[in-house]
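Spelled out, the chains give:
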Amino acid sequence: MMASGQQPPRIVVLGGINIDLVAMTPRFPAAGETVVGRQFLTYGGGKGANQAVAAGRVGAQVSMVGRVGDDIFAAQALRALVESGVDVSTVGVTPSTSTGIAVITIDDSAQNQIIQVLGANETSGEEEEARVVRNLDGASALLLQLEVSVELSLRCAQAAKERGVRVILDPSPVRPVPEAFYSCCDIITPNETDAQALVGGPVTDRASAERAAETLLKRGVGAAIVTLGPQGSYYATSSGAHGFVPAFQVDAIDSVGAGDAFNGALAAALGEGNDLSQAVRVASAAGALSVTRSGAQDSMPSRSEVDALLNSVGG
């Protein structure tokens, strides 16, 4: 992905920092039913933190901006970031508040259900905005999601846009997005569920992904990438470029964090100078590898793993 001697891109991530509490179960329980699970695990999580780890694992220099609580989970959450080379000096601590928590159930088909408690993530505000702005000089991208307030994310996107820094928005978890936000987004990356919520119609296949992408382009984004899980990803740009990247065929065991692997690798690949088509291939490879192992941050692939998968299929 990166030429010899080229400096790694620097990426700023504003977003959620969680601990994931994961139960593996044969099937999801019906309302009022108890199902005996097979395994319980804890992992570092949060969409922002996941994307920071994903970008760091494939070689980017990453600064994480967000907040943790003062509970027993904070140290674990930060340690997972540091171990992946992410700079956490811009992560704040909110007293008397829990670190963000995600309660995740995964069934035998590798599908997941998630309950998220935002905790300290919801306390991000002016201090985090200032930290983002201070770190934008020399950055190739600002990665955003919607685990912190939409208003904060919008202000940071506007600051990045003013400084010529690429803004990539993963519009998840789904919240109403102000119209002004779209014009600040160089790239928006909804999955099929997010895209359906944003455009108000079903998104289930390539044709519907194309329609969703065109709707998002009309709202002012520079490019829209609609991910369709095992079907692949459709992308379209305001300049008229478009294409479909089929998914890599892998044996999936856990889909948690696949979208975050995609976004982190996408930002890194674009920062290295790849065009959008190739960057989507790199991101798709990272997302595919992530579903072959359990956990969110633990599943993020290394640079060598991504390159090996791309090379194995002529990428």
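Above this text is the structure in question.
Since we're looking at a predicted model, the values are computed, not measured. (Residues numbered from 1 in each chain as written. Predicted model: local features only at pLDDT ≥ 70, side-chain atom pairs only at ≥ 80, totals over all residues. Heavy atoms only, no water.)

**Side note on the nonpolar core**
Side chains of a nonpolar character, in soluble globular proteins, are inclined to be buried together.
Inference 1: Core analysis: the biggest nonpolar cluster contains 51 residues, and Ile11 and Leu266 have the highest contact counts within it.
Inference 2: Considering each element in turn, this core owes the most residues, nine residues, to helix α9 (residues 276-290).
Inference 3: With residues up to four places along the chain from it excluded, the contact list for Ile11 reads Ala55, Ala60, Gln61, Val62, Ser63, Ser140, Ala141, Leu143, Ala267 and Ala268.
Inference 4: Formed by 40 residues, the second largest nonpolar core is a distinct cluster that contains Leu142, Phe181, Ala195 and Val221. (Core = buried A, V, L, I, M, F, W, Y, C linked by side-chain atoms within 4.5 Å. Buried < 20%, exposed > 50% of the residue type's maximum accessible area, 1.4 Å probe, protein only. Helix = DSSP H or I, 4+ residues; strand = E, 2+ residues; numbered from the N terminus. Contact = heavy atoms within 4.5 Å.)

**Re the environment of Glu33**
Inference 1: Here Glu33 shows up in the loop between β2 (18-24) and β3 (39-45).
Inference 2: Here the side chain of Glu33 touches Arg27 through a polar contact of 2.5 Å, side chain to side chain.
Inference 3: Reaching out from Glu33, the side chain makes a polar contact with the backbone nitrogen of Ala30 at a distance of 2.8 Å. (Polar contact = N/O pair within 3.5 Å; in protein donor to acceptor, adjacent residues only side chain to side chain.)

**Description of the environment of Ala55**
Inference 1: Its place among the elements puts Ala55 in helix α1 (residues 47-57).
Inference 2: Classification of Ala55 by relative accessible area gives buried; the value is 0%.
Inference 3: Each C-alpha atom of the pair Ala55 and Ala269 lies 9.0 Å from the other, and the pair is 214 residues apart in sequence.

**Quick notes on the side chain of Asp254**
Inference 1: Topologically, Asp254 is positioned in the loop between β13 (242-246) and α8 (258-271).
Inference 2: Looking at Asp254, its side chain comes within polar contact range of the main-chain nitrogen of Val256, at 2.9 Å.
Inference 3: Not counting the four nearest positions on each side in its chain, Asp254 is found in contact with Ile106, Ala110, Ser290, Val291, Arg293, Ser294 and Gly295.

**Description of the side chain of Thr99**
Inference 1: Along the polypeptide, Thr99 turns up in the loop between β5 (91-93) and β6 (100-106).
Inference 2: Within the structure, the side chain of Thr99 is placed 3.1 Å from the backbone nitrogen of Gly69, a separation counted as a polar contact.

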